[in-house]
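Results of the structural survey
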Amino acid sequence: VQLQASGGGLVQAGGSLRLSCAASGRTFSVYAMGWFRQAPGKEREFVAAISRRGTRTYYADSVKGRFTISKDNDKNTEYLQMNSLKPEDTADYYCAAAPYLSSNYDSPARYDYWGHGTQVTVSS
């Protein structure tokens with residue numbers, strides 16, 4: 001499956017952005033999806049994940065209550081709605097696909113396919 005992330009940009013603190021991840025190739029519904037981010041000089045970190053049918057979601061503590069992950073299998077697209085953005089949310093955001101979620105849903109090693117990053121910059 002090929003993944004294409006989009007929707008990044010520059011936003012002021014407190015603002016919102018919605019990231020999208022369009023999938024092509026194999027049927028999108030067979031994949032669980034995740035979002036990770038990587039700030040300059042830092043390791044890639046987990047942001048959110050969603051199960052294949054979208055019935056289970058998981059979030060990093062740092063984004064819980066502010067970000068919402070969703071998945072539209074009919075449109076082959078995953079979304080990350082980001083509200084109340086903070087300067088520390090500044091990073092390149094990556095979408096990823098996995099055959100299923102397990103206990104290591106927050107590990108990059110869980111995911112087999114990755115899209116290119118989309119940059120999010122939050123100004124103070």
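In short, a report on the structure. (Residues numbered from 1 in each chain as written. Predicted model: local features only at pLDDT ≥ 70, side-chain atom pairs only at ≥ 80, totals over all residues. Heavy atoms only, no water.)

Brief notes about the overall build of the chain
The condition is simple: Helix and strand definitions follow DSSP, with helices as H or I runs of at least four residues and strands as E runs of at least two, each counted in order from the N terminus. Using C-alpha atoms as the atom set, the radius of gyration is obtained and then compared with a globule rule of 2.2 Å times the number of residues to the power 0.38. Only protein chains enter the accessibility calculation, which uses a 1.4 Å probe. A residue is then buried if its area is under 20% of the maximum for its type, exposed if over 50%, and partly exposed in between. The contact criterion used throughout is that any non-hydrogen atoms of two residues lie within 4.5 Å. Using a 1.4 Å probe, accessible areas were evaluated by the Shrake-Rupley method; residue-level cover was limited to the displayed protein chains. In this tally, Lys and Arg are treated as positive and Asp and Glu as negative; His is ignored, and so are the chain termini. Each charge is placed at NZ for Lys, CZ for Arg, CG for Asp and CD for Glu.
Counting its regular elements, the chain contains zero helices and eleven strands. Each helix (α) and strand (β) of the chain, taken in turn from the N terminus, gives the series β-β-β-β-β-β-β-β-β-β-β. Since a compact globule built from 124 residues should have a radius of gyration of about 14 Å, the 13 Å found for the chain is in line with a globular shape. When burial is assessed residue by residue, the chain has 43% of its 124 residues classed as buried. Once local pairs closer than 6 in sequence are excluded, the contacts in the chain between residues at least 24 apart make up 57%. Put simply, the chain shows about 6400 Å² of open surface, and 43% of that area lies on carbon and sulfur atoms. Seen as two clouds, the 14 positive and the 11 negative side-chain charges of the chain have centres 5 Å apart.

A few points about the state of the cysteines
Basically, it comes down to this: Cysteine sulfur pairs qualify as disulfides if the two atoms are within 2.5 Å.
All told, the structure shown has one disulfide when counted by the stated rule. At a sulfur-sulfur separation of 2.1 Å, the disulfide partner of C21 is C95. The sign of the 65° torsion about the S-S bond sets the C21-C95 disulfide as right-handed. Of this pair, C21 sits in strand 3 (residues 17–24) while C95 sits in strand 9 (residues 91–98), and the two are 74 residues apart along the sequence.

Observations regarding the pattern of salt bridges
Heads up, the rule is: Salt bridges are defined as contacts in which a side-chain nitrogen from Lys or Arg sits within 4 Å of a carboxyl oxygen from Asp or Glu.
This structure, assessed with the given rule, holds four salt bridges. A salt bridge links D89 to R66; the nearest nitrogen and oxygen atoms lie 2.8 Å apart. Linking D89 in the loop between strand 8 (77–82) and strand 9 with R66 in the loop between strand 6 (57–59) and strand 7 (67–72), this pair joins segments that are 23 residues apart in sequence. When its relative accessible area of 0% is taken as the criterion, D89 is described as buried. Looking at R66, the relative accessible area reads 10%, which means it is buried. Members of the salt-bridge network, linked through shared partners, are R37, E45, R66 and D89.

With respect to the environment of Q81
Secondary-structure assignment places Q81 in strand 8. Q81 sits in the partly exposed class, given a relative accessible area of 25%. For the pair Q81 and A96, spaced 15 residues apart in the sequence, the C-alpha separation amounts to 16 Å. Apart from residues lying up to four places away in sequence, Q81 is in contact with S16, L17, R18, R66, F67 and T68.

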